[in-house]
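Coordinates in review
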Amino acid sequence: MRRARLEADFSKGETPVTNTRRRTLIAGTLGGITISASTLDAAAAEPSRQIAFGPEGCEPDLEVDWHAGWPSSKHDPEPEIQSHAADEHTIVMRQNKSVNYEAPFMFLLFGNERALLIDTGATPEPEYFPLRATVDGHVSDWLDRHPRRKYELVVAHTHGHGDHKAADAQFAHRRRTTVVGPGLDEVLAHYGFDDWPATPREIDLGGRVVDVIPGPGHHPAATVFYDRWTRMLLTGDTFYPGRLYVDDWNAFETTVDTLVAWCDAHPVSHVVGCHVEMSVLPGVSYPRGWTYQPDEAPLPMTAAQLRELQAAVREIGGAPGKHVYDAFEVWYQAE
C-alpha cells in the first residue's frame with residue numbers, strides 16, 4: 001500500500017509527505033559535524049604525533065541521518081553543508097538539496113602530510129555554498145588535534161561534470177593547495193597515467209595511501225578512489241543509489257568489470273557514490289529536480305550490489321533506454 005501511495009505521488013509530480021524512517025545517530029554535534037561517541041573517545045586519546053595508518057584499516061561510521069531537503073527550500077533550517085566524521089581522519093560532506101537538487105557528496109581525507117578533498121559540489125558562490133570555509137574549518141580542527149606545519153591540501157574530482165567541480169575557484173588562491181583539473185589531459189598529467197585506463201595510480205597523503213582507479217564511461221576522465229584506511233571505494237557517479245547515466249557504453253562496461261575485480265582483490269567496507277536518488281522502495285526513484293527526498297535510500301552500497309550492476313550491464317547489452325533495478329537505474333541514450 002505504501003509503495004502504491006509513493007508511486008502515485010510520483011506520477012502526479014507531487015512531493016510525497018511521508019513519515020521519515022531514519023536511524024538515530026547517537027552523537028555529539030560540534031560546529032555542524034556529527035561525531036559518534038567512539039570517534040570522540042578516539043580523538044581525546046590520540047597523541048599529536050605521526051599517525052599510523054596501518055594495513056588493518058579502520059571501521060568507518062556511515063550510519064548517518066543525512067538531511068534530504070525540506071518541503072519548502074526557502075525555509076530549510078539546515079546548513080548549506082552537512083558534515084559527518086566517518087572516523088577521526090575522514091569527513092563526509094553533503095550539499096543541501098535546498099541549495100542544489102543534485103545534493104552531491106564530498107569527501108575529505110586526512111593524512112600526515114596533506115589532506116585530500118574529493119569533489120567541490122554544485123554551486124560556485126561561497127555566499128550560497130561555503131565549501132572553502134567548511135573545509136578550512138575541518139582542517140583547522142584536525143590540526144588542533146594533530147599539530148603539523150605546512151600542511152597541504154589536494155583538491156581532486158571523481159569526474160568533470162559541473163555538480164562536482166563548481167566550487168573549485170574557492171580554492172584557487174589557498175596556500176599550499178593543489179587543484180587537479182577535471183579534464184582528461186589534466187588527470188593524466190597529474191597522476192602520471194601513461195596507459196589510461198589500464199593501471200591505477202596512488203596518492204600518498206603521508207602514511208595514508210589512496211588508489212586512483214581509471215573509471216571512464218560516465219565521463220571520459222572519471223576516476224574512482226579507494227582509500228586503504230577506511231577501505232571505502234568512492235565511485236563518484238559510476239555507481240550510487242540512483243540514475244547511472246552512461247556516456248560511453250563500452251568504457252562503462254569495462255569500468256564496472258574493473259571495479260568488481262578490485263572488490264574481489266581488496267577488502268571493501270562500503271561502496272560510496274556521490275548522490276542518492278532512489279527511495280527506500282525497491283525500484284522507485286525520486287524524479288530529477290526534486291529538492292525533498294524524505295524516504296531516500298542509504299548512501300553506502302556493497303560489493304554485492306556492484307556485482308548486481310555488472311549483471312545488469314550484461315543483461316542490457318548496450319540497448320538504449322531507462323533500465324530500472326531495485327537499487328539503481330541505468331540510463332543510456334535516454335535523456
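A quick note: this is a predicted structure, and the numbers were derived from the prediction, not measured.

1. Examining the pattern of salt bridges
One pass over the full model with this rule turns up 16 salt bridges. In this structure, the salt-bridge partner of Arg174 is Asp136, at a minimum N-O distance of 2.8 Å. In this pair, Arg174 sits in the loop between strand 7 (152–156) and strand 8 (177–179) while Asp136 sits in helix 3 (residues 131–145), placing the two residues 38 residues apart along the sequence. Judged by relative accessible area, Asp136 falls into the partly exposed class, the value being 24%. Here Arg201 and Asp194 are joined by a salt bridge, their closest N and O atoms 2.8 Å apart. Here the residues in one salt-bridge network are Glu113, Arg114 and Glu152, joined through shared partners.

2. Observations concerning the nonpolar core
Grouped together as the largest cluster of nonpolar side chains are 30 residues, with contacts concentrated most on Leu233, Phe239, Leu306, Leu309, Phe328 and Val330. Looking at this core, the element that brings in the most residues is helix 5 (residues 249–265), giving 7 residues. Those residues in contact with Phe239, other than ones at most four positions away along the chain, are Leu244, Val271, Gly273, Met301, Thr302, Gln305, Leu306, Leu309 and Phe328. In this structure, Leu62, Ala156, Val187 and Met232 belong to the second largest nonpolar core, which totals 28 residues.

3. Considerations on the packing of aromatic side chains
Per the counting criterion, the structure on display carries 13 aromatic pairs. For the pair Phe239 and Phe328, a centre-to-centre distance of 5.7 Å together with 70 degrees between the ring planes defines the contact as edge-to-face. Here the residue Phe239 occupies a position in the loop between strand 12 (232–236) and strand 13 (243–246), and Phe328 occupies one in the loop between strand 15 (321–324) and strand 16 (329–332), the gap between them amounting to 89 residues. Exposure class is identical for Phe239 and Phe328. Each is buried.

What counts, and at which threshold
Residues numbered from 1 in each chain as written. Predicted model: local features only at pLDDT ≥ 70, side-chain atom pairs only at ≥ 80, totals over all residues. Heavy atoms only, no water. Salt bridge = Lys/Arg side-chain N within 4 Å of Asp/Glu carboxyl O. Helix = DSSP H or I, 4+ residues; strand = E, 2+ residues; numbered from the N terminus. Buried < 20%, exposed > 50% of the residue type's maximum accessible area, 1.4 Å probe, protein only. Core = buried A, V, L, I, M, F, W, Y, C linked by side-chain atoms within 4.5 Å. Contact = heavy atoms within 4.5 Å. Phe/Tyr/Trp six-rings, centres within 6.5 Å; stacked < 30°, edge-to-face > 60°.

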